[in-house]
Structure formats: C-alpha cells, structure tokens
Amino acid sequence: MENTRFLPLIGRVLLGLPLLMSGLGKLAAFGPTTAYISSVGLPLAPLGWAIAVALEVGGGLLLILGFRVRATAAVLAVFILATAIFFHRDFADRNQMIHFLKNIMIIGGLLQAAHFGAGSYSLDAWRSRDRKNVADATV
C-alpha cells in the first residue's frame, strides 16, 4: 500500500483546484455571475453569488489543504448537486447534460472523500497526530 499513499492528496487537489478556480472566476465576475443566477429564476442572486464564491474558494482550499475534509466534502456535495439541478437540467442541450453528469461525477469523488477522509498528507492527519502527541505527553 506504500505506492498508493499519495492518492488521497492527489484526489483532493484534483477536486479542490477546479472549485478554487471556479470560485475565483466568480469573484472576478460579479455582474455576469449574478445575471446568470437570475436567468435561471433563482431569487437573491447576489446572495447566491456570495454563497457560491465562499463554498468554491473556501471549500476548494480546505480540500487542497486537507482540513476538515469530511465535513467540507459533504457540504460541497450538496452544493454541487444543487448547482446541477438548477443550472444544468436542460438535457435537450447536450452541453448541459454533460455538465450535469460532470457534477454527478464530482459528487461521487466528494462522497468518497467524505467517507474515507483526507489521507495521510493533510492537515487533518497532522492535527490528529498532534493531538495524540499532546495526550501522550500528559500521561
């Protein structure tokens, strides 16, 4: 199993980096993003924009760093399911169907991370080891 020890790290980066990039893109494009949110009939587009930026930038960074991965991945899975349902539901448009299925695949990866955790190369693992060292030092 030694040859697979980096797979959780690679998986987290591959899930987190596109989210981070998407969130930064939304951060730089308030007007077009809120117009798109409004175009699908969702109310409070500025609030939706803020939520999307916070979850994509924050969640992407947390995944990459491996901090609170189980909870982060679960929240992101729900968020991405909502985006698939609200923004990619026109299956007559092949491009929208592909985006919907892409979101479903991302959810699959996030659910794996939510179940299995961050892996050895993560802040979660480092914090866990640090707590054990503190507990051992006080005994």
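Here, the structure is the one placed above.
Residues numbered from 1 in each chain as written. Predicted model: local features only at pLDDT ≥ 70, side-chain atom pairs only at ≥ 80, totals over all residues. Heavy atoms only, no water.

Some points on helix 2 (residues 30–39)
Three- or four-residue spacings in an α-helix give side chains the same orientation, since the helix completes a turn every 3.6 residues.
Line of reasoning, step 1. Listed as buried for helix 2 are Thr33, Thr34 and Ile37. Buried residues of helix 2, seen end-on, are gathered within an arc of 95° and therefore sit on one face of the element. Set apart from the buried face of helix 2 by more than 90 degrees, the exposed residues are Pro32 and Ser39.
Line of reasoning, step 2. Looking one or two places after helix 2, you find Gly41, whose phi comes out positive at around 90°. (Buried < 20%, exposed > 50% of the residue type's maximum accessible area, 1.4 Å probe, protein only. Helix = DSSP H or I, 4+ residues; strand = E, 2+ residues; numbered from the N terminus. Arc of directions from axis to C-beta.)

Examining helix 5 (residues 94–116)
Line of reasoning, step 1. With 23 residues, helix 5 should reach 33 Å at 1.5 Å per residue; the first-to-last C-alpha distance of 33 Å fits that figure.
Line of reasoning, step 2. All of the buried residues in helix 5 are Gln96, Phe100, Asn103, Ile107, Leu110, Ala113 and Ala114.
Line of reasoning, step 3. Close packing links the buried residues of helix 5 with helix 1 (7–27), helix 3 (45–65) and helix 4 (69–87).
Line of reasoning, step 4. Measuring from the side-chain oxygen of the N-cap residue of helix 5 to the backbone nitrogen of Asn95 gives 3.0 Å; that N-cap residue is Asp93.
Line of reasoning, step 5. Phi turns positive, to about 90°, at Gly117, one or two residues after helix 5. (Expected span 1.5 Å × (residues − 1). Contact = heavy atoms within 4.5 Å. Polar contact = N/O pair within 3.5 Å; in protein donor to acceptor, adjacent residues only side chain to side chain.)

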